[in-house]
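Coordinates in review
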Amino acid sequence: IESWNGSAWSIVSSPDRGTNSTLDGVFCVSASSCEAVGDYSSSSFSQTLIESWNGTTWSVAAGPSLAPNESTLDSVFCVSGKSCVAVGNNGSRTLVESWNGAAWSVVPSPTPGNYGGLSGVSCSSAGSCVAVGNYSNGTGSASSILSRTLVESWNGTAWSVVSGPSPSVAYLYGVSCASARSCKAVGDYASSTIRRRALVESWNGTAWS
């Protein structure tokens, strides 16, 4: 973890779990309230990792118990210090976890196809969030040639898949919502020459394009 004080970047001490620890996403609601997410491993499986900043130190936050699997969290967004959403994958399924100010818990999320993972999340309010990633109908992993973009939406009650355009072999990695009617998602796709190309998709409150 590195921190900017207005003049310079410096490394801040942070705890590790297991033999390998990685942090992939972070969000701060204030200078003294941040959440970082990723994964750690101590055997053949990775497990989700959540760390919290209280203005003085980083500490490992207790997360929900998941069945032994390749579980990771890639992105987190906090509406307030008592309302955060983190997304990733649990094996071949999408994974969404929610913070209510007291505990993290798993929130059911759909997984189209045989594989699905979420890489980015953004909320315009506690009752309106968008998560992006990719899914595959193939039998392989996330890198399957059949990968397509995945967008899911939270309405305050449940997560659901939102239909949208997807070029061949496409991924979405990040999303930012200025409001419930204005979001941008970014990623890449493979062109006919198999080269990766930049991909930007936009939400106007009615449809993705």
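Each remark here, short or long, concerns the structure printed above.
Figured I'd write up the structure that's included with this text.

Calculation rules
Residues numbered from 1 in each chain as written. Predicted model: local features only at pLDDT ≥ 70, side-chain atom pairs only at ≥ 80, totals over all residues. Heavy atoms only, no water. Phe/Tyr/Trp six-rings, centres within 6.5 Å; stacked < 30°, edge-to-face > 60°. Buried < 20%, exposed > 50% of the residue type's maximum accessible area, 1.4 Å probe, protein only. Helix = DSSP H or I, 4+ residues; strand = E, 2+ residues; numbered from the N terminus. Pairing = 2+ DSSP bridges. Axes fitted to C-alpha atoms, helices over the stretch in contact; angles between N-to-C directions.

**Looking at the packing of aromatic side chains**
Scanning all chains against the criterion turns up seven aromatic pairs. An angle of 45° between the planes, with centres 5.8 Å apart, marks the rings of W4 and W9 as tilted. Here W4 falls in the partly exposed class, since its relative accessible area comes to 46%. Among the residues examined, W9 registers a relative accessible area of 56% and is labelled exposed. Ring geometry for F27 against F77: centres 4.4 Å apart, planes inclined by 40°, an arrangement best described as tilted. Remark: F77 occurs in strand β7 (residues 71-80) and F27 occurs in strand β3 (residues 20-30); sequence separation between them is 50 residues. Overall, the relative accessible area of 16% leaves F77 in the buried class.

**Quick look at the sheet that holds strand β4 (residues 33-41)**
Here we have four strands laid out as an open sheet, ordered β3-β4-β5-β6, and antiparallel in their pairing. Two strands in the sheet have a free side with no partner beyond their single neighbour: β3 and β6 (58-60). Going across the sheet, the axis of each strand differs from the next one's by a mean of 25°, ignoring polarity. In the sheet, strand β5 (residues 46-53) pairs with β6 via three bridges, with the strands oriented antiparallel. Each residue of the ladder has a partner; that of E51, found in β6, is V60.

The quantities given are spatial measurements derived from coordinates; they are silent on function.
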